[in-house]
Amino acid sequence: MTDRFTTKGFADYIIEQRGHANTFLDRIDALIDWKRIDRVLGKHYRKTAGADGRPAYPALPMFKLLLPQRWYGLSDPGLEEAVKDRISFIRFSGFSMSSTLPDHSTICRFRNALLEHNLFERLFEEINRQLEERGILVKESNGAILDATIVESSRRPRKVIEVMAEDRQEVTHKPPSPVISYSDDPDATWVKKGKKPYYGYKAHIAVDTGNGFILGGHVTPAHVADTTEFDRLLTEANLSPDAPVLADKGYSSMKNRTTLKERSYIDGIMHKAARGKPLTFVQRLMNRLISSVRYRVEQGIGTLKRGYGFSRMRYTGLTKGNMEFILTAITFNLKKAALMVRT
């Protein structure tokens, strides 16, 4: 059965005949077996016609549009404009030049539908699986590096006190009760790093020790301690037995070291000195060795913040914050893989 949105017309034929350079989007397109992605979408996502009777857009081209949105830092209206203006976006997504292209509200509804069906995690796992099969992402011989970073809320923190009485109104003996309202991001919290307070969330990230691909992660309110998320982060990384797990001294606890032993992982958590109990020579040496490899996760976090705008959330709430992290991780891994294949 053909799809009216992806069936190629005369305009598509002319563009293909003219040829095009091997662009970044073309390299991404050749990297992944999109039929397998389409099957993941098809198992859980059901297309429904619009309220006005228009047929629904196919899931795979819609999902592929979400990827350049991250690479090029576009809003939904910005993506709508780019799709109508840039041939490379249409060609990458799989839409036809002659079809009606989705507008920004359709893009937003589609992203929310994927979130509702918990599909972003499944898509992330499938893409990482394909990168492993191609030998680009190697988890068996490599381990993981764990870290966390603060991501500020999309809303500015504020506290507004509204006093109901107005000046020059009739005076009463009972003072008015103030109405206090806060930022409309209910899951964001405060945390102090150094001497600076931050309002927002914390992204907990696991990357592979070889090339820094993101293996897993999640978002919590900013005040949540790194060490409490250690076990969950290990589960998300899904490492093979005997893999090394590296982390800074913020994760140093007897519970976390016991967890690594029980899971048959190699303990690569940096040692932390205690009062009256300085580190031994061997512990200091271990810390230096671990620190020399940890740059990969710090490098990855820096790229997420500078290249993908992940220093501040786009959306409010923990659920959408996790969605934003996973979608950003997908695009991060795909771009890293494309650059590696090219070189």
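Within any chain, residue numbers begin from 1 and follow the written order of that chain's sequence. Selection of residues for local features in this predicted model requires a pLDDT of at least 70, selection of side-chain atom pairs for listing and counting requires 80 or more, and totals for whole chains, interfaces and linings are taken over all residues. The basis for every side-chain value is the complete set of heavy atoms in the structure, and neither hydrogens nor water enter the calculation.

Chemist: So what about the packing of aromatic side chains? Which residues, and what values?
Modeler: A pair of Phe, Tyr and Trp rings is counted when the ring centres sit within 6.5 Å of each other, with Trp represented by its six-membered ring. The angle between the planes then sorts it: under 30 degrees is stacked, over 60 is edge-to-face, the rest tilted. Applying the stated criterion to the full structure yields nine aromatic pairs. Relative to Phe89, the ring of Tyr72 has its centre 5.4 Å away and its plane inclined at 45 degrees; by these criteria the two rings are tilted. Taken together, the positions of Tyr72 in the loop between helix H4 (59–71) and helix H5 (76–85) and Phe89 in helix H6 (residues 87–93) put the pair 17 residues apart, joining distant regions of the chain. An angle of 50 degrees between the planes, with centres 5.2 Å apart, marks the rings of Trp190 and Tyr199 as tilted. For every residue, the accessible area obtained with a 1.4 Å probe (protein chains only) is divided by the maximum for its type, and the residue is called buried under 20%, exposed over 50%, and partly exposed between those limits. The class for Tyr199 is buried, based on a relative accessible area of 10%. Aromatic ring contacts, followed pair by pair, group Phe24, Trp34, Trp71 and Phe92 into a single cluster. Consider the ring centre and the ring normal. A charge sits over the ring if Lys NZ or Arg CZ is within 6 Å of that centre and within 35 degrees of that normal. The aromatic ring of Tyr72 is capped on one face by Arg86, whose charged end is 4.9 Å from the ring centroid. Counting from the N terminus, the helices are DSSP H or I runs at least four residues long and the strands are E runs at least two residues long.

Chemist: Hey, could you go over empty space enclosed by the protein for me, with residue numbers and the actual values?
Modeler: Every definition here rests on a 1 Å grid over the protein atoms only: cavities are sets of points where a 1.4 Å probe fits but cannot get out, pockets are open sets enclosed by protein on both sides within 12 Å along at least five of seven lines, and lining residues have some atom within 4 Å of a point. Grid points are joined across faces, edges and corners, and a volume is the space filled by probe spheres set on the points. Considering all chains together, one arrives at one cavity of 30 Å³ or more under this definition. Roughly 30 Å³ of internal volume is contained in the largest cavity. Ile205, Val207, Gly212, Ile214, Val297, Gly300, Ile301, Leu304 and Phe332 are the residues that line the largest cavity. Broken down by secondary-structure element, the contributors of at least two residues to the lining of the largest cavity are strand E5 (196–208) and helix H12 (295–308). Here the lining of the largest cavity gets four residues from one element, more than from any other, and that element is H12. Residue composition of the lining of the largest cavity, grouped by class: seven nonpolar, two polar and no charged. The nonpolar class holds Ala, Val, Leu, Ile, Met, Phe, Trp, Tyr, Cys and Pro. Asp, Glu, Lys and Arg form the charged class, and all remaining residues, Gly among them, are polar.

Chemist: If you had to explain the pairing of strand E1 (residues 144–152) to someone new, which residues and values would you point to?
Modeler: In terms of residue burial, E1 counts as a mostly covered element, since eight of its nine residues are buried. Direction of pairing for E1 relative to E5: antiparallel, over a ladder of nine bridges. Residue pairing in the sheet places Ala144 in a bridge with Asp208 of E5. Pairing of E1 with strand E7 (residues 244–247) involves three bridges; the strand directions are parallel. Residue pairing across strands places Leu146 opposite Ala247, the latter belonging to E7. The pairing criterion for strands is at least two bridges between them, as found by DSSP.

Chemist: Describe in detail a nonpolar patch on the surface, supporting the description with residues and values.
Modeler: Like-charged residues within 9 Å of one another, or nonpolar side chains (Val, Leu, Ile, Met, Phe, Trp, Tyr) within 5 Å, are grouped into patches, provided each residue has over 30% relative accessible area and no salt bridge. Accessibility throughout is a Shrake-Rupley quantity obtained with a 1.4 Å probe, and a residue counts as covered only by protein chains that appear here. The working definition used for a salt bridge is a side-chain nitrogen of Lys or Arg within 4 Å of a carboxyl oxygen of Asp or Glu. A cluster of nonpolar side chains, namely Phe281, Val282, Leu285, Met286 and Leu289, defines an oily patch on the protein surface of about 460 Å² accessible area. On the secondary structure map, Leu289 appears in helix H11 (residues 281–291).

Chemist: Tell me about the confidence of the model for the protein, and please be specific about residues and values.
Modeler: Known as pLDDT, the predictor's confidence for each residue is given on a scale from 0 to 100. Mean pLDDT for the protein: 86, with 83% of residues reaching 70 or above. At the low end of the mean pLDDT range in the protein sits helix H1 (residues 10–18), at 48; at the high end sits strand E6 (residues 214–221), at 97. We call two residues in contact whenever any of their non-hydrogen atoms come within 4.5 Å of each other. Across residues 10–15, where pLDDT falls below 50, the model places seven contacts with residues more than four positions away in sequence or in other chains. When the criterion is pLDDT under 50, residues 163–171 qualifies, and its contacts beyond four places in sequence or with other chains add up to five contacts.

Chemist: Go over the pattern of salt bridges with me, naming the residues and quoting the values.
Modeler: According to the stated counting rule, one finds 17 salt bridges in the structure shown. Residue Glu152 pairs with Arg312 through a salt bridge whose shortest N-O separation is 3.7 Å. Of this pair, Glu152 sits in strand E1 while Arg312 sits in the loop between H12 and helix H13 (318–342); the two residues are 160 residues apart in sequence, bridging distant segments of the chain. Note that Arg263 and Asp231 form a salt bridge whose closest N and O atoms lie 3.0 Å from each other. Taken as a pair, Arg263 in the loop between helix H10 (254–262) and strand E8 (266–269) and Asp231 in helix H9 (residues 230–237) lie far apart in primary sequence, 32 residues in all.

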